[in-house]
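Analysis of the macromolecular model
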Amino acid sequence: MLTKEQIAQRIAQEVKHGQYINLGIGIPTLVANYIPSELDVVLQSENGLLGIGPFPTESEVDADVINAGKQTITMLPGSAIFDSAESFAMIRGGHVHLTILGAMEVSEHGDIANWKVPGKMVKGMGGAMDLVASAKMIIVAMQHCSKDGHSKLLPSCTLPITGVRCVKKIVSDLAVLEIDPEGGFILKERAPGVSVEEIKSKTAGKLKILGEIPEMQFN
Amino acid sequence: MILKTVKDAKEAVADIPSGAFLMMGGFGLCGIPENCIEALLEKGITDLTIVSNNAGVDDFGIGLFLKKRMVKKMISSYVGENEEFERQMLSGELEVELLPQGTLAEKIRAGGAGIPAFFTPAGVGTEVAKGKETREFDGKPYLMERSFISDFSLVKAWKGDTAGNLIYKGTARNFNPMMAAAGKITIAEVEELVPVGTLDPNQIHTPGIYVQRIFQGKKYEKRIEQRTVSTYK
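Notes on the structure in this doc start here. Each chain carries its own residue numbering, running from 1 in the direction its sequence is written. Each chain takes a letter, starting from A, and each ligand takes a number, starting from 1, following the order in which they are written. The predicted origin of the model limits local features to residues at a pLDDT of at least 70 and limits the giving and counting of side-chain atom pairs to 80 or more, whereas totals for whole chains, interfaces and linings rest on all residues. Note: side-chain values were computed over all heavy atoms of the structure, leaving out hydrogens and water.

Description of the overall build of chain B
Secondary structure elements are defined from DSSP: runs of H or I of at least 4 residues count as helices, runs of E of at least 2 residues count as strands, and each element is numbered from the N terminus. Helix and strand counts for chain B stand at six helices and 11 strands. Our radius of gyration looks at C-alpha atoms and nothing else; its globule reference is 2.2 Å times the residue count to the power 0.38. Against the 2.2 N^0.38 benchmark of 17 Å for 233 residues, chain B shows a C-alpha radius of gyration of 18 Å, consistent with a compact globule. C-alpha extents for chain B along the principal axes are approximately 50 × 50 × 40 Å. Burial classes follow relative accessibility: with a 1.4 Å probe on protein chains only, a residue under 20% of its type's maximum area counts as buried, one over 50% as exposed, and anything between as partly exposed. Across the 233 residues that make up chain B, the buried fraction comes to 57%.

Notes on the overall build of chain A
If you tally the helices and strands in chain A, you get five helices and 15 strands. The C-alpha radius of gyration computed for chain A amounts to 17 Å, which stays within 12% of the reference 17 Å derived for 219 residues, consistent with globular compactness. Dimensions of chain A along its principal axes, counting C-alpha atoms only, are 50 × 40 × 30 Å. In chain A, which comprises 219 residues, the proportion classed as buried is 58%.

Notes on the sheet that holds strand 6 (residues 105-107) of chain A
Backbone-to-backbone hydrogen bonds join strands into a sheet, with any given pair of strands oriented parallel or antiparallel. Residue and element names in this part refer to chain A. Strands are labelled as partners when DSSP assigns at least two bridges between them. One open sheet accounts for three strands, arranged 7-6-11; its pairing is mixed. The open sheet has two edge strands, strand 7 (112-113) and strand 11 (153-154), and neither has a second partner. Pairing of strand 6 with strand 7, which is carried by two bridges, proceeds in the antiparallel orientation. Residue pairing across strands places glutamate 105 opposite alanine 113, the latter belonging to strand 7.

Some words on the environment of valine 167 of chain A
Structurally, valine 167 of chain A can be placed in the loop between strand 11 and strand 12 (169-172). Measuring from C-alpha to C-alpha, the distance between valine 167 of chain A and glutamine 217 of chain A comes to 23 Å, with 50 residues separating the pair along the chain.

Looking at helix 5 (residues 101-112) of chain B
Residue and element names in this part refer to chain B. Its 12 residues place the ends of helix 5 17 Å apart at the C-alpha level, agreeing with the 16 Å of an ideal helix rising 1.5 Å per residue. Among the 12 residues that make up helix 5, 10 are buried, leaving the element largely enclosed by the rest of the structure. Of the residues making up helix 5, those classed as buried are Gln101, Gly102, Thr103, Leu104, Ala105, Glu106, Lys107, Ile108, Ala110 and Gly111. Downstream of helix 5 by a residue or two, glycine 114 has a phi angle that is positive, lying close to 75 degrees. Here, expected helix span is obtained from the residue count minus one, scaled by 1.5 Å.

Considering the side chain of lysine 156 of chain B
Residue and element names in this part refer to chain B. Tracing the backbone through its elements, the reader meets lysine 156 in strand 8 (residues 150-161). Polar contacts, as counted here, are pairs of nitrogen or oxygen atoms within 3.5 Å of one another; within protein the pair requires one atom able to donate a hydrogen and one able to accept it, and residues that are adjacent in sequence qualify only if both atoms are side-chain atoms. Here the side chain of lysine 156 touches glutamate 191 through a polar contact of 2.5 Å, side chain to side chain. In contact with lysine 156, other than residues within four places in its own chain, are Gly31, Ile32, Pro33, Tyr168, Ala172, Asn176, Glu189, Glu191, Tyr220 and Lys222. Throughout, a residue-residue contact means that at least one pair of heavy atoms, one from each residue, lies within 4.5 Å.

Topic: the interface of chain B and chain A
For an interface, size is often stated in terms of accessible area lost upon the parts coming together. Contacts between the two partners involve 51 residues from chain B and, on the opposite side, 47 residues from chain A. Two parts placed together each lose some accessible area; with a 1.4 Å probe, that loss summed over both constitutes the buried area. Looking only at chain B, the three residues that lose the most surface to chain A are Phe27, Thr171 and Thr228 of chain B, adding up to 15% of its buried area. Criterion for a salt bridge: a side-chain nitrogen of Lys or Arg within 4 Å of a carboxyl oxygen of Asp or Glu. Where chain B packs against chain A, one counts six salt bridges. Lysine 169 of chain B is paired through a salt bridge with aspartate 64 of chain A; the nearest N and O atoms lie 2.9 Å apart. Mapped onto the side of chain B that touches chain A, the elements with two or more residues apiece are helix 4 (83-90), helix 5 and helix 6 (176-181) of chain B. With six residues, the single largest contributor to the side of chain B that touches chain A is helix 5 of chain B. Counted by class, the side of chain B that touches chain A contains 21 nonpolar, 17 polar and 13 charged residues. For this scheme, ten residues count as nonpolar: Ala, Val, Leu, Ile, Met, Phe, Trp, Tyr, Cys and Pro. Four count as charged, namely Asp, Glu, Lys and Arg, and the remainder, Gly too, count as polar.

And the structure:
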């Protein structure tokens, strides 16, 4: 089973040179730590920044420079600041190439739920609905099962959804999977030491296993 | 130039009544109108409808309004940092309309720009789509969203001049420029108020035409929600 850091590390392998990328809160934020330095990419923060840099030192902390998770950050050389309408214009306009976000549930058709548990938790969707409605490539970072052992990869979402048929790829603590446009989770890679049988038993939605499934590779 | 200056926050918000429809700038606690918030707390009005991306935290920003039960309805995109908010919402004491952040931003932008409605892909097939017209363009479904115009917009900028021209700093810009344009009356508070002619016209983010009242805030705490520092230098 992968740690959160390892999930982030595996997702970083999906990043391509020249991409503009939006990272969600939680595990997706960690992806920035593992993007190879030889790739030139720009991180977008939906509160109005292109060019997110590392966390500041104590002396660099500026209350007016934060990311969408409200963390203090720095701006890299070449950064640009803009307002929230502009920020979502570039998101809906398809200018952001890659969106990485967390999920509470994903369905075998690529529906995603991550903003509300009726009667219990209502944090709101933030920018997630705009992002999933528009990004060309959406990768989900998530735990394969809930804490009480229930699969979060389902035939259809039980929670209120954030977007319909939008997820392309999932990296969980157990596996890398792609959504089949015809329906189903296509198993692409296993976490080190995790068997196909285990993934099968923990995936409630339709799992498609084509040939030998390799283990994930980490540098 | 038309002078927009008022003495202080108290004078700026003096005529905001109970039941008003307000827009308040900021993302989290970044770029919020701290001085107007304090003045409204002292005024103690109630039944407010507030458009703001977030609802502050329990003891700062709009969270303080919630504690004093000044808010009837919040229109936001993300409210996860405030326990009192969540309690009032789940118990039904507080009306809440949650909208996708880009939809919220565009509803405000469109309001200020004279556009009554627009179509967006965000929220199609979700709870957000309930009761809204869906229309297909080029084979893809979109939701119709109506725009917002406020009775009063409360915005915060870094610098401003006496004619109401505003410059924001860093990510404290966020919702402030669109809200300035979407207010029937827009009140701008700034960290530094300068005479007309001081600011470079090329650098103005919000032209003074959108601002009816401006004052320099007495003090800014600029509280940080997630102070995150790197351990190495």
